[in-house]
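For reference, the chains in residue letters:
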Amino acid sequence: MKLHLLLFSLLVASPALAQGASLLAHNRDGLTQVSTDHSGVSVETRITVEKAESQAKIIFYQETDNGFIFQRINWKKKVLIELDNGATLLLTNLAEQGHAIQPGGYITGYYIPDRYQRYTAFWLSPQDISLLKQYKVRGIMYSLDDPYDAQPYRIVIPDSTHELKQELTLLGF
């Protein structure tokens, strides 16, 4: 009984914990990779797809507890997706991008750090959808709109379970 009461109080005290510490209302499925950037900061990158009316969009989320590296810095307006057949998808049809922060603090005696997120979403063409359903994602390449950090980034995100194909199929694509 005490355990149930503790869990209930945690859920009431922090809706963010009940949502898996997500900063925005979004699907927690998708491909996830935790990496360390060149300055030693840990960044979680997640790729998921959503349906907006009759169109599909692919969303790239990045989260960290170091807000300095995310401060008003977005991805440039193009992303390259590497597929396991050697093909690449160049995404340039930007749907949205932005930032979010979830303040941390002490919750039931435990310190939870602030979580910072940046996200970039692109509309997928029917050809993009077809390729993502046929082939698995191997990695992504992107650049930041930071004048002090113009280098391209490459993240290997193996899609061993063909997660994006499953998401697209569930969404009716």
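Here's what I pulled together on the structure shown here. Fair warning: this is a prediction, and the values are worked out from it, not measured in the lab. (Residues numbered from 1 in each chain as written. Predicted model: local features only at pLDDT ≥ 70, side-chain atom pairs only at ≥ 80, totals over all residues. Heavy atoms only, no water.)

**Regarding the overall build of the protein chain**
Line of reasoning, step 1. Across its full length, the protein chain carries 4 helices and 11 strands.
Line of reasoning, step 2. Expressed as a percentage of its 173 residues, the buried residues of the protein chain come to 40%.
Line of reasoning, step 3. Residue pairs at least 24 apart in sequence account for 60% of intrachain contacts in the protein chain once pairs closer than 6 positions are excluded. (Helix = DSSP H or I, 4+ residues; strand = E, 2+ residues; numbered from the N terminus. Buried < 20%, exposed > 50% of the residue type's maximum accessible area, 1.4 Å probe, protein only. Contact = heavy atoms within 4.5 Å.)

**So, the sheet that holds strand β6 (residues 94–102)**
Sheet strands associate in pairs through backbone hydrogen bonding, adopting either a parallel or an antiparallel arrangement.
Line of reasoning, step 1. Strand order in the open sheet formed by 5 strands is β1-β2-β3-β9-β6, and the pairing between neighbours is antiparallel. Every interior strand has two partners, whereas the edge strands, β1 (31–36) and β6, have only one. Between one strand axis and the next, the sheet turns by 20° as a mean value, whatever way the strands run.
Line of reasoning, step 2. The pairing of β6 with strand β9 (residues 115–123) spans 8 bridges and is classified as antiparallel. (Pairing = 2+ DSSP bridges. Axes fitted to C-alpha atoms, helices over the stretch in contact; angles between N-to-C directions.)

**What about the pattern of salt bridges?**
A side chain with one charge can pair with a side chain of the opposite charge if their charged atoms come near.
Line of reasoning, step 1. Applying the stated criterion across every chain yields a total of 5 salt bridges.
Line of reasoning, step 2. Among the salt bridges present, the one from R46 reaches E44, with a minimum N-O distance of 2.7 Å. A single burial state applies to R46 and to E44, both of which are buried.
Line of reasoning, step 3. In this structure, E96 and K57 form a salt bridge, with 2.5 Å as the shortest nitrogen-oxygen distance. Of the two residues, E96 is situated in strand β6 and K57 in strand β3 (residues 55–64); the sequence distance between them amounts to 39 residues.
Line of reasoning, step 4. Counted as one network, the salt bridges with shared partners bring together E44, R46, E63 and R115. (Salt bridge = Lys/Arg side-chain N within 4 Å of Asp/Glu carboxyl O.)

**Brief notes about the nonpolar core**
Line of reasoning, step 1. Grouped together as the largest cluster of nonpolar side chains are 26 residues, with contacts concentrated most on I58, F60, I81, L124, L132 and I140.
Line of reasoning, step 2. Breaking this core down by element, the ones donating at least two residues are β2 (42–52), β3, β4 (79–83), β5 (88–91), α3 (126–134), β10 (137–142), β11 (153–156) and α4 (163–170).
Line of reasoning, step 3. In contact with I81, not counting residues within four places along its chain, are I58, F60, A87, T88, L89, L91, V137, G139 and I140. (Core = buried A, V, L, I, M, F, W, Y, C linked by side-chain atoms within 4.5 Å.)

**A word on the environment of H99**
Line of reasoning, step 1. Tracing the backbone shows H99 in strand β6.
Line of reasoning, step 2. Along the chain, H99 and Q71 lie 28 residues apart, while their C-alpha atoms are 8.5 Å from each other.
Line of reasoning, step 3. Those residues in contact with H99 that sit more than four places away from it in its chain are F70, R72, I73, N74, Q117, R118 and Y119.
Line of reasoning, step 4. A polar atom in the side chain of H99 sits 3.1 Å from the backbone oxygen of I73.
Line of reasoning, step 5. Among the polar contacts listed, one links the side chain of H99 to the side chain of N74, at a separation of 3.4 Å. (Polar contact = N/O pair within 3.5 Å; in protein donor to acceptor, adjacent residues only side chain to side chain.)

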